[in-house]
Number of protein chains: 2
Amino acid sequence: MNKLIGAAVVGQSGGPTAAINATLAGVIRSAFSRESGECITKLYGMRNGIEGFLDGRIVDLGEIFKNEDGTANEEKLQILSQTPAAALGSCRKKLPDPAQDEAFFDRLIEKFREHDVRYFFYIGGNDSMDTVEKLSRYIAAHDYPMRVVGLPKTIDNDLPGTDHAPGFGCAAKFIASQMQEIVRDCAVYTVPAVTIVEIMGRDAGWLTASAALPRILGGAAPDFVYLPESVFSMQAFFNDIRAAFEKKPNLVIAVSEGIRFANGTYVGEGDQSGVKDVFGHRYLAGTAKTLEDAVKREFGCKVRSVELSLTQRCAAHCASLTDLAESAAAGSAGVQAAILGATGCMIAIVRADEANGYSVSYETSEITHIANKERKVPDEFITERCNNVTDACLEYLLPLIQGEPQIIYNQGLPVHMSI
Amino acid sequence: MNKLIGAAVVGQSGGPTAAINATLAGVIRSAFSRESGECITKLYGMRNGIEGFLDGRIVDLGEIFKNEDGTANEEKLQILSQTPAAALGSCRKKLPDPAQDEAFFDRLIEKFREHDVRYFFYIGGNDSMDTVEKLSRYIAAHDYPMRVVGLPKTIDNDLPGTDHAPGFGCAAKFIASQMQEIVRDCAVYTVPAVTIVEIMGRDAGWLTASAALPRILGGAAPDFVYLPESVFSMQAFFNDIRAAFEKKPNLVIAVSEGIRFANGTYVGEGDQSGVKDVFGHRYLAGTAKTLEDAVKREFGCKVRSVELSLTQRCAAHCASLTDLAESAAAGSAGVQAAILGATGCMIAIVRADEANGYSVSYETSEITHIANKERKVPDEFITERCNNVTDACLEYLLPLIQGEPQIIYNQGLPVHMSI
């Protein structure tokens, strides 16, 4: 393999997570190592992903993160790692097909050439891997030597080709932590009440499954968990609640935002109530809100809905040390793999046989097997009645939330950084 | 003062907090101390407050929290302190007026006599202090020697007679932590967007004010903060947004659930949209949701609403060490004061002159000055345009969120306990 010498550029794309900056820190750490220095001459960050890069908005990360001796400033990298959301900014740009719009890619290559960029690292989820795939495909067919490597990131954990995705563990830990707090909160009164908690994950139920984690540790867990992988039936839902009320007055239920009826419509589409606003637009009440109304009508009891919303994807104050460490390691692995010649791939986390406890390694996974595909919760992780997850599911999830980082605080609040 | 010898009973009442169990731990610690042992012969916990006590549902806390040598089991008290919500359960019972319903209080006294209860500790907020006031009033006029002491607790921080209330600091720290995460989350894209975060506090804006705390530390803070203490004007709100959009594309706004229009109606009452459900019931969309719809119509940009909901009052995983310590100290102070003769009072936190830094002491405050009254955010803590809080407000709040407890974890989740 020829040694490729030139600049590298790194970008962040898609939704924010609590760990995406740990991956950026991993890229920076590795790019500024002595070994990489022979190949990577400079490291640029794209602002707002490929979109900002096209507009020439880049930042020289060496100016921010390099010590005088050329090594990476570990103190700054630690603050970066505990900063939620994408420090470089993000975008949701879908690239055209290289076969349809060569001009677009020519423009991109021109930008790369301008800064002698030979390494392209893109941290993101399914859509971002589509960018990696298209760019790799174009590069392979044209005379511009550059290595293009995707670095996985998604709270949804729906990226194929990897055991799990960086960013997911932090979100799962926060959701599990909040759930056991919410279940305790709801248990203080004796009046019959149902609390419905809506969790992100439009098509894959991994985050919602995490709500059940306290169960395997003997903690306070939700009574039912409904994933988008199963068809949702209002009648079965009512039956579950009715049966549970026989045993206790306070029920807590976790639902994915993406649960759907047998006819394919989302529960949260508001068809249940038929409510429209003054302009005649259908009122998009949200999944938990729709279920709140339905349960209120059916049971006449106190019902509350809680939407974890944005907080679940950026809760760096409740990060998983395992996830942060793996996110950084995936970033470093990407740089190392690219230097050794890898391109057109994503770094995948491979879980070793757990006979000797949990451990992972990092491999490259061909990007064509990943882009635009989704990994859903498999059948064996969902109970027969489709109203909870199995212990096997929780055993898969549990290692991902292990450990708490030593967060640096300033007068009571975690310290974050802007780039 | 006569030495009063007998059993003590402690209850929790009103809404859950992340620190109410720390106060319970303080009561237990102090009641089981050698000094108290001469007066307090036993310590009972009421299940579900005064309501459960009336049904005879009590628990002997000595059986759970005493070591063999009679001292308190500190390990268990630590787990109790980091457990959110009310470990003894809670209730929302309003006692009748002693002058109107003597029979009710006679029944209560009978229960006290049955267990030789001579000390009554009640941990709660405004409504719970009403219970303390009524019970004290009845006792004072009848021949049953018992000392009745209220221990403050409310995330709303609206209890009069105390500088601040136990439980508030934890909620404030969580809200401030989440706000700086949400602001970072919302800043990753370049498209114009407004995110509206709804925070608890129907009549007092202390919690919503806490959302601005990151500002005083140079962190990411919301652009605007609207409290229920000021009249809310949709036009002024739109003007604020319009002016802010001139400077940046991403706006984050914190609003109290209790903001009201000049005519006194709550913004969240849904009058804005006139939306009704299929049964003709007015749709209670919530404050943030109502504003989301209004901003969408006015500006046509991306708008999101986030309701922190239950999570803000039970987030023990993000507790303030200062609040936990003060909550426990207030519990201990209550026991000590009662032994020395105090009754018909609440323990108040008194903040010393801050010339030498933040410090507090604990005093008794007459219950008649507290019950059924509310302490609101004063004018000097609100900016002139009523769209944010002043630095003086943040300086008042900042000491209350200081420090992080060493939480005991089991495989990635905080350990909680049930009683």
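As the structure is a computational prediction, the values presented were derived from the model and not from experiment.

Draft legend 1. Structural view of the sheet that holds strand 11 (residues 360-366) of chain B. Residue and element names in this part refer to chain B. What the 7 strands build is an open sheet, ordered 3-2-1-4-5-10-11; its pairing is mixed. Every interior strand has two partners, whereas the edge strands, strand 3 (58-60) and strand 11, have only one. Ignoring strand direction, the axes of neighbouring strands in this sheet form an average angle of 30°. Across 7 bridges, the pairing between strand 10 (residues 345-351) and strand 11 is antiparallel. Residue Ile347 lies in a different strand from strand 11, and its bridge partner there is Thr364.

Draft legend 2. Examining the interface of chain B and chain A more closely. In this complex, chain B contributes 57 residues to the contact, which on the side of chain A involves 57 residues. If you list the elements that add at least two residues to the side of chain B that touches chain A, you get helix 8 (168-186), helix 10 (213-216), strand 9 (302-307), strand 12 (409-410) and strand 13 (413-414) of chain B. A per-element tally of the side of chain B that touches chain A places helix 8 of chain B first, with 9 residues. For the side of chain B that touches chain A, the class distribution of residues is 28 nonpolar, 20 polar and 9 charged.

Draft legend 3. Representation of the relation of the copies chain B and chain A in the model. For these two chains of identical sequence, chain B goes onto chain A by a turn of 180° and a shift of 0.0 Å along the axis, with RMSD 0.0 Å. Both copies of the chain, as the preceding transformation shows, are related through a two-fold rotation axis. Same-surface contact between copies: 100% of interface residues of chain B are shared with the interface of chain A.

Draft legend 4. Representation of the packing of helix 1 (residues 20-31) of chain B against helix 13 (residues 321-339) of chain B. Residue and element names in this part refer to chain B. Two numbers describe how helix 1 lies on helix 13: the axes approach to 7 Å, and their chain directions differ by 40°. Here helix 1 lies oblique to helix 13, going by the angle between them. Crossing of helix 1 against helix 13: the hand is right-handed. From helix 1, Ala22, Thr23, Leu24, Ala25, Gly26, Val27, Arg29, Ser30 and Ala31 reach across to helix 13, where they touch Leu324, Ser327, Ala328, Ala329, Ala330, Gly331, Ser332, Gly334, Val335 and Gln336. The class makeup of the residues in the contact of helix 1 with helix 13 is 10 nonpolar, 8 polar and 1 charged.

Draft legend 5. Representation of unusual backbone geometry. Although it is not a glycine, Gln411 of chain A sits at a positive phi angle of roughly 50°. Within the secondary structure layout, Gln411 of chain A lies in the loop between strand 12 (409-410) and strand 13 (413-414). Although it is not a glycine, Ser309 of chain B adopts a positive phi angle of roughly 50°. By secondary structure assignment, the location of Ser309 of chain B is in the loop between strand 9 and helix 13.

Draft legend 6. Molecular detail of the domain arrangement of chain A. Residue and element names in this part refer to chain A. Its domain assignment divides chain A into domain 1 (6-167 + 316-372 + 402-414) and domain 2 (169-312). For domain 1 versus domain 2, the distance between C-alpha centres works out to 34 Å. The partner domain 2 presents 12 residues to the 13 residues of domain 1 that form the contact. Here the residues of the side of domain 1 that touches domain 2 are counted per class, giving 5 nonpolar, 5 polar and 3 charged.

Draft legend 7. Layout of the pairing of strand 8 (residues 250-256) of chain A. Residues and elements named next belong to chain A. Of all the 7 residues making up strand 8, 7 are buried; the element is thus mostly covered by neighbouring parts of the structure. Both faces of strand 8 are covered, namely the face carrying Asn250, Val252, Ala254 and Ser256 and the face carrying Leu251, Ile253 and Val255. In this sheet, strand 8 lies alongside strand 6 (residues 193-199) in parallel orientation, the contact comprising 7 bridges. When the bridges of strand 8 are listed, Val194 appears paired with Leu251. Where strand 7 (residues 224-226) lies against strand 8, 3 bridges are found, and the strand directions are parallel.

The rules behind each value
- Residues numbered from 1 in each chain as written.
- Chains lettered and ligands numbered in written order.
- Predicted model: local features only at pLDDT ≥ 70, side-chain atom pairs only at ≥ 80, totals over all residues.
- Pairing = 2+ DSSP bridges.
- Helix = DSSP H or I, 4+ residues; strand = E, 2+ residues; numbered from the N terminus.
- Axes fitted to C-alpha atoms, helices over the stretch in contact; angles between N-to-C directions.
- Contact = placed C-beta atoms within 7 Å.
- Nonpolar A, V, L, I, M, F, W, Y, C, P; charged D, E, K, R; others polar.
- Least-squares fit on C-alpha atoms with pLDDT ≥ 70 in both.
- Parallel < 35°, antiparallel > 145°, perpendicular 65-115°, else oblique.
- Left-handed = near helix turned anticlockwise from the far one by under 90°.
- Domains from an automatic or database assignment.
- Buried ≥ 20, exposed ≤ 12 C-beta atoms within 10 Å, placed from the backbone.

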